[in-house]
Amino acid sequence: KDQYYLLSRINAKRSTLFPGETLPFPSPDPRMRYRRETVTSLGNNLQSGHYGYDVALDMSDRHWEPYSVQAFRLDGFESDIWYGIVTAFGTRADETVANRQRTELAITNNGIDWHYLKPGTPFLDNGINPESDDHGCINMGRPVLAGKYSSNPNDMLYFYAASKQLHLPNRNSGLSLAIGK
């Protein structure tokens, strides 16, 4: 019997809260914006309804918070482990990473209990050179097997949107590729 889960993001600004309104997260929280990756169990059929949620991922360390998760399984491990490519957003509480995006890895073996593989350690980090295409912003999708497009058909191709600019409106993004061996 299949169980369906929905991964989604809570993204709320402190300034949009009404007087007396609070978010259901531990306090105090110094961030101006609250980002949490959530997981909702939908049961064994897809139908509209009111569902609760659990926080799947919060900040990996005091600098990076989850922006999105691309969940996937590798061939041969369909009944085992899920991997998650986490787009991590640099919190504005730390100016050295504010408005940057990079990726980290998370795992789960049940679809609900997610954990960072190495909290705070990038899977694909921003370029060091301010002119590099991925200096400011990386947003990666789930990988695909290279197949006939590589000398090793088992290479993993990671396509990602990249920008040398920070994750702010009006940035110019391009498409980049990283190859995993």
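Here, every reference points to the structure presented above.
Here's what I pulled together on the structure shown here.

1. Some words on the overall build of the chain
Reasoning step 1: Helix and strand content of the chain: 0 helices and 11 strands.
Reasoning step 2: Whereas a compact globule of 181 residues would reach a radius of gyration of roughly 16 Å, the chain reaches 18 Å, a difference of no more than 12%.
Reasoning step 3: Along the first, second and third principal axes, the C-alpha set of the chain runs to 60 × 50 × 30 Å.
Reasoning step 4: Each of the 181 residues in the chain was classed as buried or not, and the buried ones make up 40%.
Reasoning step 5: The contacts of the chain with a sequence gap of at least 6 include a subset with a gap of at least 24, amounting to 48%.
Reasoning step 6: Of the roughly 10,900 Å² that the chain leaves accessible, carbon and sulfur atoms contribute 52%.

2. Quick notes on the environment of L6
Reasoning step 1: Within the secondary structure, L6 is located in strand β1 (residues 4–13).
Reasoning step 2: By relative accessible area, L6 is classed as partly exposed at 43%.
Reasoning step 3: Sequence separation between L6 and Y53 is 47 residues; the distance between their C-alpha atoms is 9.2 Å.

3. Comments concerning the sheet that holds strand β7 (residues 115–116)
Reasoning step 1: If you trace the 4 strands from one edge of the open sheet to the other, you get β4-β5-β6-β7, paired in antiparallel fashion. Strands with a single pairing partner mark the edges of an open sheet, and in this sheet they are β4 (64–72) and β7.
Reasoning step 2: Where strand β5 (residues 82–90) and strand β6 (residues 101–108) come together, 8 bridges link them in antiparallel fashion. Each bridged residue has a counterpart across the sheet, and for W82 the counterpart in β6 is T108.

4. Concerning the environment of W64
Reasoning step 1: Topologically, W64 is positioned in strand β4.
Reasoning step 2: Between the alpha carbons of W64 and F89 there is a distance of 5.4 Å; along the sequence they are 25 residues apart.

5. Describing the nonpolar core
Reasoning step 1: Ranked by size, the top nonpolar core spans 11 residues in total: F72, I85, L105, L124, I138, M140, M156, Y158, Y160, A162 and A178.
Reasoning step 2: Listing elements by their share of this core, those giving two or more residues are β8 (137–140) and β10 (156–163).
Reasoning step 3: Here the element with the most residues in this core is β10; it accounts for 4 residues.
Reasoning step 4: Contact partners of Y160, with chain neighbours within four places excluded, come to L124, D134, I138, N139, M140, G174, L175, S176, L177 and A178.

Quick notes on the rules
Residues numbered from 1 in each chain as written. Predicted model: local features only at pLDDT ≥ 70, side-chain atom pairs only at ≥ 80, totals over all residues. Heavy atoms only, no water. Helix = DSSP H or I, 4+ residues; strand = E, 2+ residues; numbered from the N terminus. Rg over C-alpha atoms; globule rule 2.2 N^0.38 Å. Buried < 20%, exposed > 50% of the residue type's maximum accessible area, 1.4 Å probe, protein only. Contact = heavy atoms within 4.5 Å. Areas by Shrake-Rupley, 256 points an atom, 1.4 Å probe, with all protein chains shown as cover. Pairing = 2+ DSSP bridges. Core = buried A, V, L, I, M, F, W, Y, C linked by side-chain atoms within 4.5 Å.

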